[in-house]
Amino acid sequence: MTQPVVGVLALQGGVAEHLAMLESLGARAIRVRSASDLVGDDGAPVIDALVLPGGESSTTDRLCRTFGLFDPLREVIAAGLPVLGTCAGLIMLASQIEDPAPGQQSLGVLDVTVARNAFGSQVDSAEVLLEWMGPSTTPDHLDSHPGDSASHADTGDTAEGHVDVTDAVTGHLGRAFDLVSGRAASDADVALAPSGVVRAAFIRAPAVTRVGDGVEVLARYQESVVAVRQSNILAISFHPELTGDVTVHEELLGLVRLEAAV
Ligand SMILES: NC(=O)CC[C@H](N)C(=O)O
C-alpha cells in the first residue's frame, strides 16, 4: 500500500517522540489539532491511523472538548480507524475510569475499566521489560494467517516462534524516568531486548482493572493488565516511544495493513 498517514493528537503531552518513531517506520506522521485534521469535507478520514499520546488525561479530555475534537474522535474510532492510545491515551479510550478527575470524561470506545496512577507517582517511574503477547498484526502473520489476529496472542507465540522471556520480564531495570527530560534507551539497550519483549517506560501509568468481552490482553506488569487490543484499538499503559522500542507502533501499522486488506 502507499505510505500510511498517521495522526498524533497534539493538544498536550508527548507528541514529538511518536511523530519521530512513526516516521522512522516509514509512515507520514502529522499533528492532529482540529476536526479537519481527522475528517475531510466529505466526512471521510484524512488519516490511516491515529495515536493518542500520554500526558494528563483530564487535560486532554478538556482540550478535546474545547477544540471540538471529542465527538469527531469518538466517531472515527468507532467507525474503525486504527488507533493506539498510550497511558493518558488509554484512559481517554476507556469506557470507564475508576477514579476520574472532577468532570472528567472518556471517549468510551474501548470496553475496559482503568485505574489512574495505579503504579505510583512520578518518582516511582520505571523502565522495564514486558512480555508482549503479540504480534497479531505483523506482515509475516498476515501472510500466513490472513484475517486471523487472535491465535498468536492466545498462545504467546510470535512470528519467530515461542519465546521464553521469564528472565527478561522479571529483569526490572529500576531506572528512574523523568517525563520532562525523558531519556530514550540507547540503541544498544533496545538491541539487547529479546524478540517478544517490549521495553516500556511507566510514568504515573494506569492499569486496566476490567477487560470486556472481545478485548485481547497483550501484556501484563506486576500482575496488572497494561496492554490490550479490541479490534482496531490498541491501548497500552506505558511509553514505548521514550525507550525507542518500535514493537507497538509496528502493531499499529499492522492494523492499517489489516484494514487495507479487508
Ligand atoms: N504518563 C501519562 O500519560 C500519565 C497519565 C496520567 N496519570 C493521567 O491520569 O492522565
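Keep in mind it's a predicted model, so treat the numbers as computed, not measured. (Residues numbered from 1 in each chain as written. Predicted model: local features only at pLDDT ≥ 70, side-chain atom pairs only at ≥ 80, totals over all residues. Heavy atoms only, no water.)

A. Local environment of the overall build of the protein. Helix and strand content of the protein: 9 helices and 14 strands. Taken over 262 residues, the protein has a buried fraction of 52%. Sequence separation of 24 or more characterises 70% of the internal contacts of the protein that already satisfy a separation of 6 or more. Carbon and sulfur atoms make up 50% of the accessible area of the protein, which amounts to about 11100 Å² in all. (Helix = DSSP H or I, 4+ residues; strand = E, 2+ residues; numbered from the N terminus. Buried < 20%, exposed > 50% of the residue type's maximum accessible area, 1.4 Å probe, protein only. Contact = heavy atoms within 4.5 Å. Areas by Shrake-Rupley, 256 points an atom, 1.4 Å probe, with all protein chains shown as cover.)

B. Representation of the UniProt feature "active site" (unreviewed entry) in the protein within the structure. Here the UniProt feature "active site" (unreviewed entry) sits at C87, H239 and E241. Judged by maximum C-alpha separation, these annotated positions cover 155 residues in sequence but sit close together in space, the widest gap being only 11.3 Å. If you take the residues mentioned a moment ago, the ones lining the largest cavity come down to C87 and H239. For C87, the position within the fold is in the loop between β4 (83-86) and α4 (88-93). Those residues in contact with C87 that sit more than four places away from it in its chain are G54, I203, R204, A205, P206, I236, S237, F238 and H239. In this structure, E241 sits in the loop between β14 (233-236) and α9 (247-261). By relative accessible area, E241 is classed as buried at 6%. (UniProt positions renumbered as here; feature names shortened; annotations may be inferred. 1 Å grid on protein atoms, 1.4 Å probe; cavity = no way out; pocket = protein on both sides within 12 Å on 5 of 7 lines; lining within 4 Å.)

C. Quick look at the UniProt feature "binding site: L-glutamine" (unreviewed entry) in the protein. Residues annotated by UniProt as "binding site: L-glutamine" (unreviewed entry) correspond here to G55, E56, S57, R116, I203 and R204. The largest pairwise C-alpha distance within this set of annotated residues, which runs over 150 residues, is 12.8 Å, so the set is compact in three dimensions. If you take the residues mentioned a moment ago, the ones lining the largest cavity come down to G55, E56, S57, R116, I203 and R204. Following the sequence through the fold, E56 ends up in the loop between β3 (49-52) and α2 (57-66). For E56, a relative accessible area of 23% puts it in the partly exposed group. Aside from chain neighbours lying at most four places away, what touches E56 is Q12, A88, R116 and R204.

D. Quick peek at the pattern of salt bridges. For the structure shown, the criterion picks out 6 salt bridges. For the salt bridge of R210 with D111, the shortest nitrogen-to-oxygen distance reads 3.0 Å. You can see R210 sitting in strand β11 (residues 207-211) and its partner D111 sitting in strand β6 (residues 110-115), a full 99 residues away along the chain. In this structure, R199 engages E127 in a salt bridge whose closest nitrogen and oxygen atoms are separated by 3.8 Å. With a gap of 72 residues between them, R199 in strand β10 (residues 197-202) and E127 in strand β7 (residues 126-131) connect regions that are remote in the sequence. Judged by relative accessible area, which is 5%, R199 ranks as buried. Three or more residues are tied together by salt bridges with common partners; here these are E56, R116 and R204. (Salt bridge = Lys/Arg side-chain N within 4 Å of Asp/Glu carboxyl O.)

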